[in-house]
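Results of the structural survey
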Amino acid sequence: MRSYRDYRSNWSGGEKTPALSPASWNALAIPAAVLFVMAILQVIGFGKFKDFLDNISVGWPVVVAIVIIIAEVWGALSLLRVPMSAMARFWGVALAVLVTGFWFIENLFLVTSDTAKALQNSGYFGKYLSQSPGWWTVIEISVLLFWIAYAAELLKWRPERS
């Protein structure tokens, strides 16, 4: 039987990378790259990104924009083969799932309401790579969401069997 200290050491035992195959790490690099590109383009066009969030009636658009960008960067880093503690990787993957879930719910709301007709951009990539909200963007973010959920399953910490 394992003790509490054994479990805790897996969470805070220094910088580690999960033992995944190179093919799995390569598969995780794609959603990480998408999250990085989203964050970088949102930072470059921060004013327009903040205005987009204000147009969709998100409270405190500046704070929400900063939180989204931080979550995308941390989430992307946690999907890469970067040595970090298991706790930091866990929270990074959780933030990646949450931020992608935010984009999914927000875009689904835009498509199902009349708001999508008034907007020219779905906001994923700030003012760059502009895409009108529609079912295609819902499919795009759904694929990204499922891919990140798959990444969360791959990176999940599992105790060793005794």
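Use the structure listed above.
A short tour of the structure in this document, coming up.

Cut-offs used in this document
Residues numbered from 1 in each chain as written. Predicted model: local features only at pLDDT ≥ 70, side-chain atom pairs only at ≥ 80, totals over all residues. Heavy atoms only, no water. Helix = DSSP H or I, 4+ residues; strand = E, 2+ residues; numbered from the N terminus. Buried < 20%, exposed > 50% of the residue type's maximum accessible area, 1.4 Å probe, protein only. Contact = heavy atoms within 4.5 Å. Phe/Tyr/Trp six-rings, centres within 6.5 Å; stacked < 30°, edge-to-face > 60°. Salt bridge = Lys/Arg side-chain N within 4 Å of Asp/Glu carboxyl O. Axes fitted to C-alpha atoms, helices over the stretch in contact; angles between N-to-C directions. Left-handed = near helix turned anticlockwise from the far one by under 90°. Nonpolar A, V, L, I, M, F, W, Y, C, P; charged D, E, K, R; others polar. Expected span 1.5 Å × (residues − 1). Core = buried A, V, L, I, M, F, W, Y, C linked by side-chain atoms within 4.5 Å.

1. Notes on the overall build of the protein
Counting its regular elements, the protein contains seven helices and zero strands. Start at the N end of the protein and walk to the C end: the helices and strands fall as α-α-α-α-α-α-α. When each of the 162 residues of the protein is scored for burial, the buried share is 38%. Look at the contacts in the protein between residues 6 or more apart in sequence, and 66% of them connect residues 24 or more apart.

2. Topic: the packing of aromatic side chains
To describe a pair of aromatic rings, one takes the distance between the centres and the angle between the planes. Scanning the model with the defined rule gives four aromatic pairs in all. Residues Phe-52 and Trp-103 carry aromatic rings whose centres are separated by 6.2 Å and whose planes lie at 25° to one another, so their mutual orientation is stacked. Taken as a pair, Phe-52 in helix H3 (residues 46-55) and Trp-103 in helix H5 (residues 86-112) lie far apart in primary sequence, 51 residues in all. One exposure class covers both Phe-52 and Trp-103, and it is buried. Here Phe-90 and Trp-91 contribute two aromatic rings whose centre-to-centre distance is 5.1 Å and whose plane-to-plane angle is 75°, an arrangement assigned as edge-to-face. Taking relative accessible area as the criterion, Trp-91 reaches 44% and is therefore assigned partly exposed.

3. Let's talk about the pattern of salt bridges
A side chain of one charge can pair with a side chain of the opposite charge when the charged atoms of the two come close. A complete count under the given rule lists one salt bridge for this structure. Asp-51 is the salt-bridge partner of Lys-50, the closest N and O atoms lying 3.3 Å from each other. Given the relative accessible area of 25%, Lys-50 is considered partly exposed.

4. Regarding the packing of helix H2 (residues 22-44) against H5
Packing of H2 against H5 brings their axes to within 12 Å, and their N-to-C directions diverge by 60°. When the axes of H2 and H5 are compared, the crossing they make is left-handed. Of H5, the residues touching H2 (which contributes Trp-25, Leu-35, Met-38 and Gln-42) are Arg-89, Ala-96, Val-99, Thr-100 and Trp-103. Partitioning the contact of H2 with H5 into residue classes produces six nonpolar, two polar and one charged.

5. Quick look at helix H4 (residues 61-79)
The periodicity of an α-helix, 3.6 residues per turn, causes residues three or four places apart in sequence to face the same way. With 19 residues, H4 should cover 27 Å at 1.5 Å per step; its first-to-last C-alpha distance of 27 Å lies within 8% of that length. The complete set of buried residues in H4 reads Pro-61, Ala-65, Ile-68, Ile-69, Ala-71, Glu-72, Gly-75, Ala-76, Ser-78 and Leu-79.

6. A word on the nonpolar core
Ranked by internal contacts, the top residues of the largest apolar core, which has 31 residues, are Leu-35, Leu-53, Leu-79 and Trp-103. Elements represented by at least two residues in this core include exactly H2, H3, H4, H5 and helix H7 (135-155). The greatest single-element share of this core, amounting to seven residues, is contributed by H2. What Leu-79 contacts, discounting residues up to four positions off in sequence, is Trp-25, Leu-28, Pro-31, Ala-32, Leu-35, Val-93, Ile-148, Ala-151 and Leu-155.

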